[in-house]
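As a plain string of letters, each chain reads:
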Amino acid sequence: MVDRWDERAKGAVHEPSLALHIEDLTVSYDHRPVLWDIDLDIPPGVLAAVVGPNGAGKSTLVKAVLGMVKPAAGHVYVFGRPHLQQLRRIGYVPQRTTVDWDFPTTVLDVVMMGLYGQLGWIRRPGRAERRKAMDALEQVGMAAFCHRQISQLSGGQQQRVFLARALVQDAELYLLDEPMAGVDATTERHIIGLLKELRSRGKTLLVVHHDLQTLPEYFDWLVLLNVRIVAQGPLKQVYTLANLRQTYGSQIGLLHGMPAGTGGPGAESPGSAALETAAPRAGGRR
Amino acid sequence: MLAAFFDNPELMFMTIGALVGVAASVLGAFLVLRGTSLYTDAISHSVLLGIVLVYLATGEVNSPYQLVGAAAAGLLTVYLSELLTSSRLLKRDAAVGLVFPALFALAMLLIGLYARRVHIDADAVLLGELAFAWLDTVPIGEYAVPRSLVTMGIIALADVLFVGLFFKELKLATFDAGLARALGFRPRLLFYGLLFLTSVTAVGAFDAVGAVLFIALVIVPPAAAHLLTDRLWLMVIGGGAIALFASAGGYWAAMRWDVSIGGMMAVVNGLILLAAFFLGPRHGLLARLLRGRRQRAEAHVRMLLVHLYTHEGDEQAERENAALALEHHLRWPAEQARRVVAQAEALGLVTSEPEGQRLHLTGAGREAAREVLEPWRRR
């Protein structure tokens, strides 16, 4: 399954200084474009958020980088090489709902699945793999649950297990699809702490996120997406009300309980303050 | 000694039945978990098209090419069904239901037109007849070995090897196909490999147990094993064990009541499934019922703790935190209120003085209530 654009770019090193470099990517389902002509650059070592309204193509972007959906056009480079050659360097945390949690398997087993890529075909996981998986479970605070069947976990615990599975992959670029969706505040803090620690170890992280208020607290790089790229860059520059409004259109006030007029039309950068103070978060009080 | 084995029809029937059962159930585990077990139904019908086409081409009914043709027809069924499903114009079940009757009908048409001399007996197709399997033998060395035993032996070995060798890959591809792809495995290839073997096994099992019973043997043992365990490898091995037991038990029952051997094997499998359904340790109906009752009881105790906690220290405490008040305020019948209070006292979460009247939270009870109300305090 070698694609035309990979044929052309085979072996060619392109933009090696970027963790992720996407050129002219268009993805469509049944001729309806979900991603329109995406140009995206993610430098190494950042903790980047991808935000945008429902149907903006956030998950599709992640899947395109992983080669799980076939683009209609465009190139994706990971650390300078075509993405399909680099899949082993990418760690992936899918949305929790993509798997069957009644599957007869244990927490430890799911985490070890992250190591299957390194093992290759047929070779079985052994003692070393178990130890790595336990280490990862330790990191996400789930070691005590290692022999549980996975349906016995809460949503937040399931998310942590997925995170541990990505950790053992020991990837350089991590793609996380809504890791904080539907988890309690404690788990969310735990997860973001881990993501920041990964960043401090030089990893690059691209996180599909849904909560605009926590953006400045959690991330240092921001991609605003709505079928096309609205804005991208260091969070401090991109996180403006004008940009957000352009991304979400009129939904923004409704979505996040902010008065539609906050900041006034065309305000340059007062967004952050306004956004941060809007509506205290459930877990915020102690 | 070997001669005694091959000449013993009882052992022969049981061994062939066991081979079919084990071969079917190790593949079935993954089909069941993937939610595509009904492909077995489709395949076991459409393999007939492959068998007929190979017969028309070679004039032989029992050649190894038959297996190849049948497997190709089985894969074609799956491929066409997946193609129709991916068009998004039809749901998978409808697509499967469209494809296999068409292929089956085509096979019947071809038989009617060109192969009238070949007798296809509806009973044999649906139920098979294990008793005849003994009569058709091939010479191996000095022994006359039933042909079914040889083919099923090879097929079962291939199935077990495939599942054993690619256990890790099959597990990942079934649980999370997306990750399997991202890690460089080929989930689609594995899936087609699985269904290829299912097709081959269906043909091999055809003589012995027929199409419908084959479906039962693919689905029922792993489904029963799934109710009994939370580990995939146990589910695969347990499914095989259940199939083994069912073939022995089924044979015995068939002799006892003088009925179809294959049919009785399926019945025993069904009984095991039924038992697992009701009595399974975690997923069984009974266990679920008991767990539900326990959880309700725990929830009631927690409700009581929270009620006491919210009113603790305010001026209404006198009124609210009396055992009697529970009936009015929480609308608990007297009997239930008494039971919940007794339970909370037994757990050391609540004390009452005088006996059964004014209720107080203990330290542990207060802690438990706060844990409910302020979940973020939990680590």
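Residues numbered from 1 in each chain as written. Chains lettered and ligands numbered in written order. Predicted model: local features only at pLDDT ≥ 70, side-chain atom pairs only at ≥ 80, totals over all residues. Heavy atoms only, no water.

Helix and strand counts for chain B come out as 18 helices and four strands. Burial analysis of chain B (379 residues in total) assigns 48% to the buried set. Approximately 18,800 Å² of chain B is accessible, and the part contributed by carbon and sulfur atoms is 65%. (Helix = DSSP H or I, 4+ residues; strand = E, 2+ residues; numbered from the N terminus. Buried < 20%, exposed > 50% of the residue type's maximum accessible area, 1.4 Å probe, protein only. Areas by Shrake-Rupley, 256 points an atom, 1.4 Å probe, with all protein chains shown as cover.)

Turning next to the environment of Y39 of chain B. Residues and elements named next belong to chain B. Along the chain, Y39 turns up in helix α3 (residues 39-58). Considered as a pair, Y39 and L195 are 156 residues apart in the sequence and their alpha carbons are 8.2 Å apart. If we ignore the near neighbours within four places in the chain, the residues touching Y39 are V78, S81, E82, R92, V96, F191 and L195. (Contact = heavy atoms within 4.5 Å.)

Residue and element names in this part refer to chain A. Together, E15, D24, D37, D39 and D41 make up a region of like negative charge exposed at the surface. A per-element tally of the negative patch places strand β2 (residues 32-42) first, with three residues. Note that D37 resides in strand β2. (Patch = residues over 30% accessible without salt bridge, like charges linked within 9 Å, V, L, I, M, F, W, Y side chains within 5 Å. Salt bridge = Lys/Arg side-chain N within 4 Å of Asp/Glu carboxyl O. Lys, Arg positive; Asp, Glu negative; His and termini not counted. Charge placed at Lys NZ, Arg CZ, Asp CG, Glu CD.)

With that settled, the discussion passes to the sheet that holds strand β8 (residues 204-208) of chain A. Residues and elements named next belong to chain A. As summarised here, the arrangement of the six strands in space is β6-β7-β8-β3-β9-β10, forming an open sheet in which the pairing is mixed. For this open sheet the edge positions go to β6 (90-93) and β10 (228-234), each flanked by a neighbour on one side alone. In this sheet, neighbouring strand axes are inclined to one another by 15 degrees on average, regardless of whether the strands run parallel or antiparallel. Pairing analysis gives five bridges linking strand β7 (residues 173-177) to β8, with the strands arranged parallel. Residue pairing in the sheet places L173 in a bridge with T204 of β8. (Pairing = 2+ DSSP bridges. Axes fitted to C-alpha atoms, helices over the stretch in contact; angles between N-to-C directions.)

With that out of the way, let us pick up the confidence of the model for chain B. Summary statistics for chain B give a mean pLDDT of 85 and a share of 90% for residues scoring 70 or more. Helix α9 (residues 167-175) of chain B holds the highest mean pLDDT among the elements of chain B, 95, whereas helix α6 (residues 122-127) of chain B holds the lowest, 62. (pLDDT = per-residue confidence, 0-100.)

Moving on, we get to unusual backbone geometry. All names here are of chain A. The phi angle at F79 is positive, at roughly 45 degrees, despite the residue not being glycine. Here I122, not a glycine, exhibits a phi torsion of approximately 70 degrees, which is positive. Along the chain, I122 turns up in the loop between α4 (116-119) and α5 (127-139).

A few words now on the interface of chain B and chain A. With 33 residues of chain B at the interface, the matching set in chain A holds 38 residues. Taking both sides of the interface into account, the surface hidden between chain B and chain A amounts to around 3,200 Å²; carbon and sulfur atoms contribute 63%. Along the contact surface separating chain B from chain A lie two salt bridges. Note that D109 of chain A and K171 of chain B form a salt bridge whose closest N and O atoms lie 2.7 Å from each other. The tally of links from chain B across to chain A stands at 11 residue pairs in polar contact (both at pLDDT 80 or more). Those elements that provide at least two residues to the side of chain B that touches chain A are α8 (147-165), α9, α10 (177-182), α11 (187-228) and α12 (232-257) of chain B. Here the side of chain B that touches chain A takes seven residues from α9 of chain B, the largest share from any one element. (Buried area = accessible area lost by both parts, 1.4 Å probe. Polar contact = N/O pair within 3.5 Å; in protein donor to acceptor, adjacent residues only side chain to side chain.)

Residues and elements named next belong to chain A. Relative orientation of the contacting elements α5 and helix α6 (residues 155-168) amounts to 130 degrees, with a least axis distance of 9 Å. One way to sum up the angle between α5 and α6 is to call them oblique. Remark: the crossing between α5 and α6 carries right-handed chirality. Here K132, A133, A136, L137 and Q139 of α5 come into contact with α6, specifically with A164, L167 and V168. When grouped by side-chain class, the residues that make up the contact of α5 with α6 number six nonpolar, one polar and one charged. (Parallel < 35°, antiparallel > 145°, perpendicular 65-115°, else oblique. Left-handed = near helix turned anticlockwise from the far one by under 90°. Nonpolar A, V, L, I, M, F, W, Y, C, P; charged D, E, K, R; others polar.)

Counting 125 residues, the largest nonpolar core has L137, L195, L215 and L222 of chain A together with F30 and V163 of chain B as the members making the most contacts within it. Tallying contributions element by element places α11 of chain B first for this core, with 20 residues. The contact partners of L222 of chain A, leaving out residues within four places of it in the chain, are A49, V51, L215, A231, Q232, G233, L235, V238 and Y239 of chain A. (Core = buried A, V, L, I, M, F, W, Y, C linked by side-chain atoms within 4.5 Å.)

Residue and element names in this part refer to chain B. Between its terminal C-alpha atoms α8 stretches 27 Å, which fits the 27 Å expected from 19 residues at 1.5 Å a residue. Buried within α8 we find S148, L149, M152, I155, A156, D159, F162 and V163. All buried residues of α8 lie within an arc of 165 degrees about the axis, which places them on one face of the element. In α8, those exposed residues whose orientation departs by more than 90 degrees from the buried face are I154, L157 and L161. (Expected span 1.5 Å × (residues − 1). Arc of directions from axis to C-beta.)

This paragraph deals with the packing of aromatic side chains. Under the criterion given, the structure shown has 13 aromatic pairs over all chains. Each ring, one from W121 of chain A and one from F185 of chain B, has its centre 5.3 Å from the other, and the planes form 75 degrees; the classification is edge-to-face. Residue W121 of chain A is located in the loop between α4 and α5, and its partner F185 of chain B is located in the loop between α10 and α11; the two belong to separate chains. Given the relative accessible area of 37%, W121 of chain A is considered partly exposed. Take F185 of chain B: its relative accessible area is 4%, and that puts it in the buried class. An angle of 85 degrees between the planes, with centres 5.3 Å apart, marks the rings of F277 of chain B and F278 of chain B as edge-to-face. Residue F278 of chain B is classed as partly exposed on the basis of its relative accessible area of 40%. Ring pairing ties together the aromatic residues W101, F103 and F162 of chain A together with F175 of chain B, which thus form one cluster. Cation over ring: R34 of chain B sits above F191 of chain B, and NZ or CZ is 3.4 Å from the ring centre. Looking at K168 of chain B, its charged tip hangs above the ring of Y116 of chain A, at a distance of 5.5 Å from the centre. (Phe/Tyr/Trp six-rings, centres within 6.5 Å; stacked < 30°, edge-to-face > 60°. Lys NZ or Arg CZ within 6 Å of the ring centre and 35° of its normal.)

Looking now at the environment of V69 of chain A. Residues and elements named next belong to chain A. Looking at the element boundaries, V69 is found in the loop between α2 (58-65) and β4 (73-78). By relative accessible area, which is 13% here, V69 ends up buried. Taking C-alpha positions, V69 is 9.4 Å from Y29, a pair spaced 40 residues apart along the chain. Residue contacts for V69: discarding those within four places in its chain leaves V27, Y29, T60, K63 and A64.

Evaluated as defined, the whole model comprises 10 salt bridges over all chains. The partner of D176 of chain B in a salt bridge is R165 of chain A, and the shortest N-O contact between them spans 2.8 Å. Of the two residues, D176 of chain B sits in the loop between α9 and α10 while R165 of chain A sits in helix α6, which places them in two different chains. For the salt bridge of K168 of chain B with E169 of chain B, the shortest nitrogen-to-oxygen distance reads 3.2 Å. Exposure class is identical for K168 of chain B and E169 of chain B. Each is buried.

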